[in-house]
Amino acid sequence: MEEIQKKKVNIRKLNFYNATLPVLSEVFSQKDWVFYGENNVYPNFLIGQYNNCAIHKAIVQSKVSQIVGDGLSCKNNPMATVHLVNRNENIEEVYKKCALDLVLFGGFSLNVVWKRDRNEGIAEIHHLDFSRVRCGKIEDIEESDEVDRYYYSPDWGNTRKYKPTEYPAFDRESSDPSQILYVKSYQPSNDYYPSPDYSGALAAIDISIEIQNFHKNNLKNGMMPTLFIGFNNGVPGPEEQTIITRALEESYSGSDNAGRAVISFNESKETAPTVESIAPNGSDNYYTTIYEDIIRSILSGHRVSSGELFGISTAGKLGSANEILEHSEFFRNTVVKAYIKELLPTFNKLMSLKFQEPIILKVDPLTILDVANISVVDEIKQPTEVAEVKQEIL
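Note that this is a predicted model, so its numbers are computed, not measured. (Residues numbered from 1 in each chain as written. Predicted model: local features only at pLDDT ≥ 70, side-chain atom pairs only at ≥ 80, totals over all residues. Heavy atoms only, no water.)

Considerations on the packing of helix 1 (residues 42-52) against helix 3 (residues 91-105)
Argument step 1. Closest axis-to-axis distance for the helix 1/helix 3 pair is 10 Å, and the angle between their directions is 100 degrees. Taken together, the axis directions place helix 1 and helix 3 in an arrangement best described as roughly perpendicular. From helix 1, Pro 43, Leu 46, Ile 47 and Tyr 50 reach across to helix 3, where they touch Leu 100, Leu 104 and Phe 105.
Argument step 2. Tallied by class, residues from the contact of helix 1 with helix 3 come to seven nonpolar, no polar and no charged. (Axes fitted to C-alpha atoms, helices over the stretch in contact; angles between N-to-C directions. Helix = DSSP H or I, 4+ residues; strand = E, 2+ residues; numbered from the N terminus. Parallel < 35°, antiparallel > 145°, perpendicular 65-115°, else oblique. Contact = heavy atoms within 4.5 Å. Nonpolar A, V, L, I, M, F, W, Y, C, P; charged D, E, K, R; others polar.)

This is the structure in structure tokens:
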């Protein structure tokens, strides 16, 4: 009688990569500063999104270009925009850097250095990279919600090497010569750090990056099909199964592994694993299909009414010059003007303190805007009287 042996069949599920995004949070620890995100490096995530998504970067740069315009001007003191406000830069160059920080992070920061005699005003104004500044803890938030000190480090991921330096908050009455002026957009429930206005589109931006990454790696790896691997040389022990499963998960998780093949080492041909090709699941076409939705989400996150403003054409549609100008005017009125209103009051105040006289800065519109006879600055309420500026300073 032929002996019947029971064969063991062991099927295991591969747990593939679960995509998550860093979340803006204010984390308290034993340190003197409040963490900007879970690992205190949330701004680095925003910088990575900016550098790796072409559409997102183009929109951010276009916003900055319109915020800066053709430069700053001052009617009552034309030389105010020419004189250097620190060793190397004039106020326009500092303003442009702050504009990028405001769009990218939702805030900007400045290092203000006072003269020895406070009555003589401000000596220097420096731009500070917003991603490198952290807020000190508010001692009693019930009495005051203002941060009275800030910390600066070139690399918050390595504070042992780059030890944070403490600076007092901007205060005309304080005796500290070097201070930090920290300006941020209002964010409900956040006391320390802002959220960029495009935060609702961060998931779409990340998907856009992964789609491009998928195509790149698929091409680099030779467009290999997905494979099913069956090991026919016996069922290994639980520990060995775990090792093999983890190796496969690491090899096939994420867009970095698109199109990769498997190399198998076997004792003999008889014990070789069975490798069967699985027909492509159409992921390439799937990504192409959803890409239009991703673009729309990114544009909506930036409050862009028409992609044609940034070189993104709509299939089957020819936009007229008047239509583009209408979208451009709408974008300036609803988006660009709001940024300028956040920036100019701070710079008017600092420049007035530096030159010891009221300074009223204005943004000269881009030359291309003159064609439509539209001026962003003319529509923004600016202080027109010296007395009004004095009141703001005081």
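Remarks on the nonpolar core
Argument step 1. Residues Ile 67, Tyr 95, Leu 110, Leu 343 and Phe 347 are the most contacted members of the largest nonpolar core, which totals 75 residues.
Argument step 2. Ranked by residues supplied to this core, first place goes to helix 7 (residues 321-355) with eleven residues. (Core = buried A, V, L, I, M, F, W, Y, C linked by side-chain atoms within 4.5 Å. Buried < 20%, exposed > 50% of the residue type's maximum accessible area, 1.4 Å probe, protein only.)

Structural notes on helix 2 (residues 54-68)
Argument step 1. Given a rise of 1.5 Å per residue, 15 residues ought to cover 21 Å, and the 21 Å separating the end C-alpha atoms of helix 2 matches this to within 8%.
Argument step 2. Turning to helix 2, its buried residues number three or more, namely Ile 55, His 56, Ile 59, Val 60, Ser 62, Lys 63, Val 64, Gln 66, Ile 67 and Val 68.
Argument step 3. Looking one or two residues past helix 2, Gly 69 carries a phi angle of roughly 65 degrees, positive in sign. (Expected span 1.5 Å × (residues − 1).)

Overview of the sheet that holds strand 8 (residues 165-168)
Argument step 1. Taken together, three strands build an open sheet; the order of strands is 6-7-8 and the sheet is antiparallel. The open sheet has two edge strands, strand 6 (133-135) and strand 8, and neither has a second partner. Across the sheet, the mean angle separating the axes of adjacent strands is 35 degrees when strand polarity is ignored.
Argument step 2. Relative to strand 8, strand 7 (residues 149-152) runs antiparallel, the two sharing four bridges. Each bridged residue has a counterpart across the sheet, and for Arg 149 the counterpart in strand 8 is Pro 168. (Pairing = 2+ DSSP bridges.)

Quick notes on helix 1
Argument step 1. Considered for burial, the residues of helix 1 that qualify are Tyr 42, Pro 43, Phe 45, Leu 46, Gln 49 and Tyr 50. All buried residues of helix 1 lie within an arc of 155 degrees about the axis, which places them on one face of the element. (Arc of directions from axis to C-beta.)

As for the sheet that holds strand 4 (residues 107-114)
Backbone hydrogen bonds are what pair the strands of a sheet, in a parallel or an antiparallel way.
Argument step 1. Across the sheet, three strands lie side by side as 5-4-9; this open sheet has antiparallel pairing. The sheet is open, and its two edges are formed by strand 5 (122-128) and strand 9 (178-184), each paired on a single side. Neighbour to neighbour, the strand axes of the sheet diverge by 25 degrees on average, direction disregarded.
Argument step 2. The pairing of strand 4 with strand 9 spans seven bridges and is classified as antiparallel. Within strand 9, the position partnered with Phe 108 by the bridge is Val 183.
Argument step 3. Here helix 3 sits on the sheet and contacts strand 4 and strand 5; the angle it forms with strand 4, its principal contact strand, is near 145 degrees.

Observations concerning the packing of aromatic side chains
Argument step 1. Summed over the entire model, instances satisfying the criterion amount to 13 aromatic pairs.
Argument step 2. Taken together, a centroid distance of 5.8 Å and an interplanar angle of 45 degrees make the contact between Tyr 42 and Phe 45 tilted. Separated by three residues within a single helix, Tyr 42 and Phe 45 lie in helix 1, roughly one turn from each other. Here Tyr 42 matches Phe 45 in class, with each residue buried.
Argument step 3. Centre to centre, the rings of Tyr 150 and Tyr 182 are 4.9 Å apart; their planes meet at 20 degrees, and the pair counts as stacked. Linking Tyr 150 in strand 7 with Tyr 182 in strand 9, this pair joins segments that are 32 residues apart in sequence.
Argument step 4. Note on Tyr 182: relative accessible area 11%, which makes it buried.
Argument step 5. The ring of Tyr 50 is capped by Lys 57, whose NZ or CZ atom sits 5.3 Å from the centre of that ring. (Phe/Tyr/Trp six-rings, centres within 6.5 Å; stacked < 30°, edge-to-face > 60°. Lys NZ or Arg CZ within 6 Å of the ring centre and 35° of its normal.)

None of this, on its own, says anything about what the molecule does.
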